[in-house]
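# Fold and contact review
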Amino acid sequence: QVQLVESGGGLVQAGGSLRLSCAASGRTLGPYTMGWFRQIPGKEREFVAAITWSRTGGSAYYTDSVKGRFTISRDNAKNTVYLQMNSLKPEDTAVYYCAAGIVTHMTDPSYPYWGQGTQVTVSS
């Protein structure tokens, strides 16, 4: 079993930055793909970013709306994944969830392990 705990959410003005962290316990994250998803009330959980596993850091993938603004990274030694969010927009407001697993389609919310989420609110 893997337990995931997100942190770093909060309230920020448009154009600002936040860094989300996802700390894992229970086992090491290798060889899991790590994903970040977000959800607003009444909508489906949406893929934001994912990073595959490798000893040197993995390959990163992003949904189009965050490319150039968000950066996903992982520190295998710390068993932690990060999401650096810059140039935030009001439409980025959501609960952000961290996910882990060996998955076929990293953009689908089919990961076996999930955190409880952290709220990100971007004011205009």
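The sections below set out a description of the structure shown in this document. What you see is a predicted model; the values in this text were computed from it and never measured.

## Looking at the pattern of salt bridges
By the definition in use, this model includes four salt bridges. For Arg-69, the salt bridge goes to Asp-92, with nearest N and O atoms at 2.7 Å. Here Asp-92 lies in the loop between β8 (80–85) and β9 (94–101) and Arg-69 lies in the loop between β6 (60–62) and β7 (70–75), a separation of 23 residues in the sequence. Comparing Arg-69 with Asp-92, the two get one shared label, buried. When salt bridges that share partners are traced, they join Arg-38, Glu-46, Arg-69 and Asp-92 into one network.

## Considerations on the state of the cysteines
Enumeration according to the criterion identifies one disulfide in this entry. Cys-22 shares a disulfide with Cys-98; S-S distance 2.0 Å. As the torsion about the S-S bond is roughly -75°, the Cys-22-Cys-98 disulfide counts as left-handed. A residue pair is termed long-range when its members are at least 10 positions apart, and Cys-22 in strand β3 (residues 18–25) and Cys-98 in strand β9 qualify at 76 residues. The class for Cys-98 is buried, based on a relative accessible area of 0%.

## Some points on the pairing of strand β11 (residues 118–123)
Residues in a regular strand point their side chains to alternate faces of the sheet. Of the two faces of β11, the one holding Thr-118, Val-120 and Val-122 is buried and the one holding Gln-119, Thr-121 and Ser-123 is not buried anywhere. Bridging between strand β2 (residues 10–13) and β11 involves four bridges; their strand directions are parallel. Note that in β11 the partner of Leu-11 across the bridge is Thr-121. Where β9 lies against β11, three bridges are found, and the strand directions are antiparallel. Across the sheet, Val-95 pairs through a bridge with Gln-119, a residue of β11.

What counts and how
- Residues numbered from 1 in each chain as written.
- Predicted model: local features only at pLDDT ≥ 70, side-chain atom pairs only at ≥ 80, totals over all residues.
- Heavy atoms only, no water.
- Salt bridge = Lys/Arg side-chain N within 4 Å of Asp/Glu carboxyl O.
- Helix = DSSP H or I, 4+ residues; strand = E, 2+ residues; numbered from the N terminus.
- Buried < 20%, exposed > 50% of the residue type's maximum accessible area, 1.4 Å probe, protein only.
- Disulfide = S-S within 2.5 Å.
- Pairing = 2+ DSSP bridges.

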